Amino acid sequence: MKHINWSVKIGLLLLIHLALSCHQTKDTNDKVIVVHARGITYPDMVNHLNSIKSDGFFKRKEASGSIKKLHPITNAVTICNMASYETGSMPSEHGIIGHLFGLKEDNSLRVVSGFAQRFATETFWEKADIQGEKVLNVGALTIHGKYENHTNVDCLAQGSQIGSPQILQVIPDKEHQSHPIIKYKNLEGKDKLQLQQYPDALLVYQINQADRNNELILDDDYNYSNGFFAKIKSGTWSEIDHAKDHNIKQAFRVKWIPSSKDTLSLYIRASYANRGYPDKFVEQIDRGIGPSRGWPNIPFYTSKNISDTTLIEEMNAEVDYVMNAFSFAAQKKEYDLIMIDYPLIDRLGHAFLGLRDSSIAVQKHYEAAFNRMNKDFERIEDFAQRNGYDLIITSGHGFSPIHTSIDINTFLNKNGIHTNHKETGWEAIGVPGKVSAHIYVNDQLNPNDKAAVLSKIERAFKTLYGPVVKTPVVDDIYRKNELKDINLFHHNAGDLYILLNPGFVFENNGDEGDHIFGTPTFMGDHGYSLKHEDSFGILISNAPCEPCHSTDISKIIEEQLKLD
């Protein structure tokens, strides 16, 4: 009997021990929020921390030693680096070897976007999905990984643009005034205006001409008293929805931009529809916070159609939407893994980076952006602490200013290389991938001719200097077999891989004629080799890694989620 009592006691002690062990395991965080704050360079973060004394989010993280320099992959353009960050593997394994690259199929070459290609290896969030963890992905640049279908993933991707932005200029219609209504017509003399895909032709008028800050009215008649579509004050935005069914395809945003004395400018911003999966989740976002804001209109800023102030408003509207989507979705459902693509510094860098050293206004935009990130990341951290999440913030790559674009195939043509691969006898074609390019030589050439073409292209690039700043354009040139050294060797890789120096980008110069050099679309871009300090991003995490690489992030997340 005594033996039985001791057995019972020992069993009870073991049960208590197991219960305590289970309780301790449950209390440790096994949920993760990861914020991909693209475009924050490590040097920029150091400069920000050195310039402030306040105890904000970044300052606290610096004090705790959790801000680390992050080594990106060699070809750290957005999609290549993102694939490495999400899979923990290099481009040679996941197969995404450029923003654009050639897909070799049945002796043919097809140029594809890296954003449209599925990865060859699993992402950390797909592993979580397969093992039954619930995943929220907000603001995603891509909606896929290795697999096409996902069971436990709610994905809200960047929106799809509907229609095109436009600047509409209107002038007083002096022949058809009826006091106190001040009627406007466009420069072609039309008073009824079709904006975006809106079903009704709209009229533009004011009530009082004496006050230039008076409200501008959009309506389908000149009768203000029976209702109107929108009132807009100078310098402000208005949302225009279809009155009957709120069809996003028939909606737009409009801003009255101050112009000359008699001319009013209306900036019509294209609508964006949410995309993602599953449909029920996207419908909940549509009903809860409305349609996507989409990309800020950087090309309209670089072409001087809109001001920096207007562009900054668009950037903040996009970030507002991402933050609101995160708050809305995360409070509706308990997720094990939350991913947030936070685009603010990426947008600033593309639009303004080339002006930062010379423009006080741009410097203030960056200061305001860091102040906003301090507040937004504190908000995310507060949610994480209250709900038992570990928080990781990363920027997979940095930025460098851009001053000159290079049309690669115009350059090859001017150096005697036949690039039209649709014609017999073509020799080589360049596929521009922002700060790098793959060059594919015709496989039908005999070995001697192919070797001659490769050498000719190499010589041409080695002697290429910038048009204004007389510095070498090329950083490194790799032959295909040498790409193993930088983890870019893949059967789809080019016979030559050209990596540019900071300040240059490969772009089709389009309507700038057959010039080699042109004006870049963006003032800043990513992707330079690791010898350039501005290529390095950041990692904010308590997880150990020294040095820290982009490919470490997926491993850290998998360990914290306790994935097999």
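Basis of the calculations
- Here the residue numbers are simple positions, counted from 1 along each chain's written sequence.
- In keeping with the predicted nature of the model, local features appear solely for residues at pLDDT of at least 70, side-chain atom pairs appear and are counted solely at 80 or more, and the whole-chain, interface and lining totals rest on all residues.
- Side-chain metrics rest on all non-hydrogen atoms present in the structure, leaving aside hydrogens and water.
- By definition, any uninterrupted DSSP run of H or I lasting at least four residues is a helix, any uninterrupted run of E lasting at least two residues is a strand, and each is numbered from the N terminus.
- Burial classes: relative accessible area under 20% of the type maximum marks a residue as buried, over 50% as exposed, and values in between as partly exposed (1.4 Å probe, protein chains only).
- Note on contacts: a residue pair is in contact if any heavy atoms of the two residues lie within 4.5 Å.
- Residue burial considers only the protein chains on display, and all accessible areas are found by Shrake-Rupley using a 1.4 Å probe.
- His is not counted, nor are the chain ends, whereas Lys and Arg count as positive and Asp and Glu as negative.
- Charge placement uses NZ in Lys and CZ in Arg. For Asp and Glu, CG and CD serve respectively.
- Two cysteine sulfurs form a disulfide in these notes if their separation is within 2.5 Å.
- The term salt bridge refers to a side-chain nitrogen of Lys or Arg lying within 4 Å of a carboxyl oxygen of Asp or Glu.
- N or O atoms closer than or at 3.5 Å make up a polar contact, with two conditions inside protein: a donor-capable atom paired with an acceptor-capable one, and, for residues adjacent in sequence, both atoms drawn from side chains.
- A pair of strands counts as paired when DSSP detects no fewer than two bridges linking them.
- Throughout, an axis means a line fitted to C-alpha atoms (over the contacting stretch in the case of helices), and angles, computed between N-to-C directions, take values from 0 to 180 degrees.
- Only protein atoms enter the calculation, which uses a 1 Å grid: trapped sets of points that fit a 1.4 Å probe without letting it out are cavities, open sets showing protein on both sides within 12 Å along at least five of seven lines are pockets, and any residue with an atom within 4 Å of a point is a lining residue.
- Grid points are joined across faces, edges and corners, and a volume is the space filled by probe spheres set on the points.
- For this scheme, ten residues count as nonpolar: Ala, Val, Leu, Ile, Met, Phe, Trp, Tyr, Cys and Pro. Four count as charged, namely Asp, Glu, Lys and Arg, and the remainder, Gly too, count as polar.

Draft legend 1. Summary view of the overall build of the chain. The secondary structure content of the chain amounts to 14 helices and 28 strands. Along the three orthogonal principal directions, the C-alpha set of the chain runs to about 110 × 75 × 50 Å. Looking at the chain residue by residue over its 564 residues, the buried ones come to 53%. Here the analysis covers contacts within the chain between residues at least 6 apart in sequence; of these, 66% occur between residues at least 24 apart. Carbon and sulfur atoms make up 50% of the accessible area of the chain, which amounts to about 25900 Å² in all. Measuring between centres, the 59 positive side-chain charges of the chain sit 2 Å from its 71 negative side-chain charges.

Draft legend 2. View of the state of the cysteines. Under the defined criterion, the tally for this structure stands at 1 disulfide. Through a disulfide, Cys 545 is tied to Cys 548; the S-S separation comes to 2.1 Å. With the S-S bond torsion at 95°, the cross-link from Cys 545 to Cys 548 turns out right-handed. Each member of the pair, Cys 545 together with Cys 548, is buried.

Draft legend 3. Spotlight on the pattern of salt bridges. According to the stated counting rule, one finds 30 salt bridges in the structure shown. The salt bridge involving Lys 255 is made with Glu 313; its shortest N-O contact spans 2.9 Å. Of this pair, Lys 255 sits in strand S13 (residues 252–257) while Glu 313 sits in helix H9 (residues 308–332), and the two are 58 residues apart along the sequence. You can call Lys 255 buried: its relative accessible area is 5%. In this structure, Asp 443 and Lys 450 form a salt bridge, with 3.1 Å as the shortest nitrogen-oxygen distance.

Draft legend 4. Just the side chain of Lys 31, in detail. Assignment of secondary structure puts Lys 31 in strand S1 (residues 31–36). Side-chain polar atoms of Lys 31 contact the backbone oxygen of Asn 387, separated by 2.8 Å. Filtering out sequence-adjacent residues up to four positions away, Lys 31 remains in contact with Glu 334, Tyr 335, Asp 336, Asn 387, Gly 388, Tyr 389, Asp 390 and Leu 561.

Draft legend 5. Representation of the sheet that holds strand S21 (residues 436–441) in the model. One open sheet holds the 4 strands; their spatial order is S20-S21-S23-S22, and the pairing between them is antiparallel. Every other strand in the sheet has two partners, leaving strand S20 (428–432) and strand S22 (474–479) as the edge strands with one partner each. Taken pair by pair, the neighbouring strands of this sheet meet at an average axis angle of 20°, ignoring direction. Where S22 meets strand S23 (residues 496–500), 5 bridges bridge the pair, whose relative direction is antiparallel. The residue of S23 that forms the bridge with Ile 477 is Ile 498. Sitting on the sheet, helix H13 (residues 447–462) is in contact with S20, S21, S22 and S23, with an inclination near 170° to S22.

Draft legend 6. Region of the structure containing the environment of His 365. Structurally, His 365 can be placed in helix H11 (residues 360–387). Residue contacts for His 365: discarding those within four places in its chain leaves Asp 308, Ile 312, Leu 348 and Phe 352. At 2.9 Å, the side chain of His 365 and the side chain of Asp 308 are in polar contact.

Draft legend 7. Layout of empty space enclosed by the protein. Tallied over the entire structure, the rule returns 4 cavities of 30 Å³ or more. Roughly 120 Å³ of volume is contained in the largest cavity. If you go around the largest cavity, you meet 16 residues; those closest to its centre are Gly 139, Gln 158, Ser 292, Tyr 321 and Val 322. Taken together, the elements giving at least two residues each to the lining of the largest cavity come down to strand S5 (135–140), strand S6 (153–162) and H9. When its residues are assigned to classes, the lining of the largest cavity shows 7 nonpolar, 6 polar and 3 charged. By volume, the second largest cavity amounts to about 100 Å³. Taken together, His 36, Met 82, Tyr 85, Glu 86, Trp 125, Asn 137, Ala 140, Leu 141, Thr 142, Met 339, Ile 340 and Asp 341 make up the full set of residues lining the second largest cavity. Elements represented by at least two residues in the lining of the second largest cavity include exactly helix H4 (78–87), S5 and strand S16 (337–341).

Draft legend 8. Examining unusual backbone geometry more closely. Here the bond from Tyr 277 into Pro 278 is cis, since omega is -10°, no more than 30 degrees from zero. At the junction of Glu 546 and Pro 547, the peptide bond is cis and its omega measures out at 0° in the coordinates. As for its position among the elements, Pro 547 is in the loop between strand S27 (537–540) and strand S28 (548–549). The phi angle at Lys 434 is positive, at roughly 70°, despite the residue not being glycine. Structurally, Lys 434 is set in the loop between S20 and S21. Even without glycine at this site, Asn 487 takes up a positive phi of about 60°. Note that Asn 487 resides in the loop between S22 and S23.

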